[in-house]
2 protein chains.
Amino acid sequence: MADKITSREADYSQWYIDLVRSAKLADYSDVRGCMVIRPNGYAVWEKMQAALDRMFKETGHVNAYFPLFIPESFIAKEAEHIEGFAPECAVVTHGGGEELAEKLYVRPTSETIIWSSYKKWIQSYRDLPLLINQWANVVRWEMRTRLFLRTTEFLWQEGHTAHATPEESQEEVMRMIRVYKTFAEEYMAMPVIMGRKTDSEKFAGADETYCIEAMMQDGKALQAGTSHNLGQNFAKAFDCQFQTKEGVLDYVWATSWGVSTRLIGALIMAHSDDRGLVLPPKLATRQVVIIPILRGDKAAVLAKAESMAAELKENGIPAFVDDSEQNSPGWKFAEYELQGIPVRIEVGPRDIDKGVCIAARRDTLEKTELQLDATLAVQVSGMLSAMQADMFQKALRFREENTREVTDYETFKSAVEEGFVIAHWDGTAETEEKIKEETRATIRVLPEESDYREHYHMDEPGVCIFSGKPSAQKVVFAKAY
Amino acid sequence: MADKITSREADYSQWYIDLVRSAKLADYSDVRGCMVIRPNGYAVWEKMQAALDRMFKETGHVNAYFPLFIPESFIAKEAEHIEGFAPECAVVTHGGGEELAEKLYVRPTSETIIWSSYKKWIQSYRDLPLLINQWANVVRWEMRTRLFLRTTEFLWQEGHTAHATPEESQEEVMRMIRVYKTFAEEYMAMPVIMGRKTDSEKFAGADETYCIEAMMQDGKALQAGTSHNLGQNFAKAFDCQFQTKEGVLDYVWATSWGVSTRLIGALIMAHSDDRGLVLPPKLATRQVVIIPILRGDKAAVLAKAESMAAELKENGIPAFVDDSEQNSPGWKFAEYELQGIPVRIEVGPRDIDKGVCIAARRDTLEKTELQLDATLAVQVSGMLSAMQADMFQKALRFREENTREVTDYETFKSAVEEGFVIAHWDGTAETEEKIKEETRATIRVLPEESDYREHYHMDEPGVCIFSGKPSAQKVVFAKAY
């Protein structure tokens, strides 16, 4: 079995790394800053991809694939973009045994290479909107890495859309950030705050960046997805004009949006515990493990376990039996808790005589007696649904308990060590920067959702927590991953 | 609509490029040798991925992800491997603004980076077999590129497995080449010859390479998938030993196998015609287009078309209606023939009065009258199944008609200009090389299937077509992509 996991209480960062490695989700590779996503981790990514890809297609998007390499001159075309990304790129200088005439950057994001194609594809309003997504790897050189959360190479999807009007592109930006919110909450069971970034925190090359922010179990924030309104910046950089319905030439309006394998890190830090991974059932490839207690008539117990698994599978619940005799039931319990199988069922000869089995939910570890009758799949399905819903509620409660409204800077400084802080800000980048220097807390989000804004009285005017100047609104501060 | 496509008769190579670009399957990018896979082309890849991924999982494999970058010293560990791949690699020399201490190769294939992880994961026979697949991009610097068939970057899957015995690894090698054959024939409707490569044609670092070879419409061969028995070569290079059941240390036995976006090129060249793409129904995201003939009571015709599409979709047949009025039915016919929608249905007011509609199959362009009754989906489903089967049979007939058994070298030289040639070979690399120099034909495959071997009398001894020396068997020669 796996090595012991440090407790969250003792060292949250070490707990995270121990868990990722013990549950065989990912590992460091021999390439500096790059990770190996192991089968257990990749299975979570495949479930995420399937759900997101379906949601993208339901909102009218199609997939495509653009080159890994970007000529240096392309990156340079959008001024903010090159400033933001060039320093963190990996650069190919040789190919096929020869030095290249122009350096190639390994894509840190694909706006430039994609807009060099869009320019060729878009002539008229009839070619719009263009709604394309790409599943790909990207590289951003990182000095300090952490598995899933920050690695030199990671996997992601990046949507890149082109529109005829600013209204349409803004609609798209909001549609996609809402898709991400739905995915985070309904699949990952992770509540998120949806809203805008400040100018200092937005994407290099965007007019506006919208994001979803989640709270981890240590009270820190994690940005779980972004959707950018790129205005006409990239269309201008690549001279991408189109003929409007009215017959005049205009630059195309653009958006881009993405989520990455970082979400796996978020999922772990939002829900898991000292025993290992806690996976929401909707993202578990294997939802139920059946562990036969092999005493007495072993063959009969095993046959029962197999028929239970078959029945669950027939009803769309992925179940499997661990019938190995070399490991004890206790060892198996610990192993599947570590791996985060949502429901564990034990069944032994005495259970079978009584017509029952014992099921335990991974999140609460509570045991329930299930009836071994025709309703087994219904009972298990009910447990899985309840677990999915309860995990969300628990995380939401945690966020609420660890969010404070604060009006003075001294309280602010201690509060940002514990969780999210709702406070007034004077709207200047200068104040934002000074607070960051002094406390390492940043403005995570200017929430867009009215229920959140009302709950925390965000639209009440007041004075800035730092400068004392008048402030029209409160914002969400936190330390972040 | 698209530009005119050159006919196959006039210029087969130009026909191919015209088709790929007109049907918007792929396009050259501004990065030398790299392609953009456009949504129409990527949709085919997604269908291929889904089918293959299911087949891999059914044979016990799981997916994972390994780094894009490979340290130079890793590539160097396996002698044949570095000789084969280093000259065609893209090399990263700078990262994060600094020159790297060790150069990183963008993976041309992942044996070395994967075995550096396997070494850490495998200690005992209990850790075996390890059955892992990866979906990824790879880069091999190419001087002469052709969309899908040969590009600097391409997408693929690469399986990498580790076993305790040579018998198990050989079993795996054969299992996977058979999976590829099944996929090629049942999904791509493309007959393939399964067999071994000669030593000169095998993978750099393999003991044996198995392949599937297909015939294109110009009589040339295309290697559509490979499965390598790597013996203990990579385990030795990475010092990956395990404790056997008997308690002694041994090196692990390895396989690797892959197919790539090249298959899309094969699919096009095997089946398509001068009007555009011909897609086997199993690989078509959109199987049926309904074109309403908007005369008379337009609303009634449109409503009928929509209800037909709904009925087909309910029965699992992806159908859509093109109701645009800006384009004529004739324009639409040509456009969907170009795009390769397997079945086109026209329905107009007179058809509706008669209770019929007209369906045309893309491969034969034959029109059939369908009854507009409750059996519509059954009738269309029958057309799609027949099309899938007929496409395979047509390609098989073509291959048989363009395969010749030849006994003298003069006939051989003209025959390899037309198709596959079955001839005796003395088994030496020298003869193989000379034939290649003189005719540009290579030994494509030493077939493993007994029905193929019997059909072409491959096991009858004779004399080598080139050297006149005794030969134990015939082999398949062809010019190849």
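This is a predicted model, so every value here is computed, not measured. (Residues numbered from 1 in each chain as written. Chains lettered and ligands numbered in written order. Predicted model: local features only at pLDDT ≥ 70, side-chain atom pairs only at ≥ 80, totals over all residues. Heavy atoms only, no water.)

1. Observations regarding the UniProt feature "domain: Aminoacyl-transfer RNA synthetases class-II family profile" (unreviewed entry) in chain A
Piece 1. Taken from the UniProt record, the annotation "domain: Aminoacyl-transfer RNA synthetases class-II family profile" (unreviewed entry) applies to residues 32-280 of chain A.
Piece 2. The distance from the first to the last C-alpha atom of residues 32-280 of chain A is 32 Å, and the span holds 31% helix and 33% strand. (UniProt positions renumbered as here; feature names shortened; annotations may be inferred. Helix = DSSP H or I, 4+ residues; strand = E, 2+ residues; numbered from the N terminus.)

2. So, the nonpolar core
Piece 1. Ranked by internal contacts, the top residues of the largest apolar core, which has 84 residues, are Phe69(A) and Phe69(B).
Piece 2. Apart from the residues within four sequence positions on either side, Phe69(B) is in contact with Val31(A), Cys34(A), Ala90(A), Val106(A), Val139(A), Trp141(A), Val92(B), Leu104(B), Tyr105(B), Val106(B) and Ile113(B). (Core = buried A, V, L, I, M, F, W, Y, C linked by side-chain atoms within 4.5 Å. Buried < 20%, exposed > 50% of the residue type's maximum accessible area, 1.4 Å probe, protein only. Contact = heavy atoms within 4.5 Å.)

3. Remarks on the domain arrangement of chain A
Piece 1. For chain A, the assigned domains are domain 1 (12-271), domain 2 (286-385) and domain 3 (403-478).
Piece 2. Between domain 1 of chain A and domain 2 of chain A, the C-alpha centre-to-centre distance is 40 Å. (Domains from an automatic or database assignment.)

4. Quick notes on unusual backbone geometry
Residue and element names in this part refer to chain A.
Piece 1. Cis geometry marks the peptide bond from leucine 128 to proline 129; its omega dihedral reads -5°.
Piece 2. Looking at the element boundaries, proline 129 is found in the loop between α5 (111-121) and β7 (130-139).
Piece 3. One non-glycine residue, phenylalanine 148, lies in positive phi territory at about 70°.
Piece 4. For phenylalanine 148, a relative accessible area of 2% gives the class buried.

5. Some remarks on the environment of Phe412(B)
Piece 1. In this fold, Phe412(B) is placed in helix α13 (residues 409-415).
Piece 2. For Phe412(B), the residues in contact, after removing those within four places along its chain, are Val406(B), Val421(B), Ala423(B), Ile435(B), Thr439(B), Ile465(B) and Phe477(B).

6. Notes on the sheet that holds strand β3 (residues 62-63) of chain A
Residues and elements named next belong to chain A.
Piece 1. Judged by pairing direction, the sheet is mixed, and its 11 strands sit side by side in the order β3-β7-β8-β14-β11-β10-β9-β22-β25-β21-β20 without closing on themselves. This sheet does not close on itself; its edge strands, each paired only once, are β3 and β20 (403-405).
Piece 2. Bridging between strand β10 (residues 208-215) and strand β11 (residues 221-231) involves eight bridges; their strand directions are antiparallel. Bridging across to β11, isoleucine 212 finds its partner in glycine 225. (Pairing = 2+ DSSP bridges.)

7. Considerations on the relation of the copies chain A and chain B
Piece 1. Superposing chain A onto chain B requires a rotation of 180° together with a translation of 0.0 Å along the rotation axis, leaving an RMSD of 0.0 Å. Accordingly, the operation relating the two chain copies is best matched by a two-fold axis. Judged by C-alpha distance, Val92(A) is the residue of chain A that lies nearest the rotation axis, at 2.1 Å.
Piece 2. A symmetric contact is evident, with 100% of the interface residues of chain A recurring at the interface of chain B. (Least-squares fit on C-alpha atoms with pLDDT ≥ 70 in both.)

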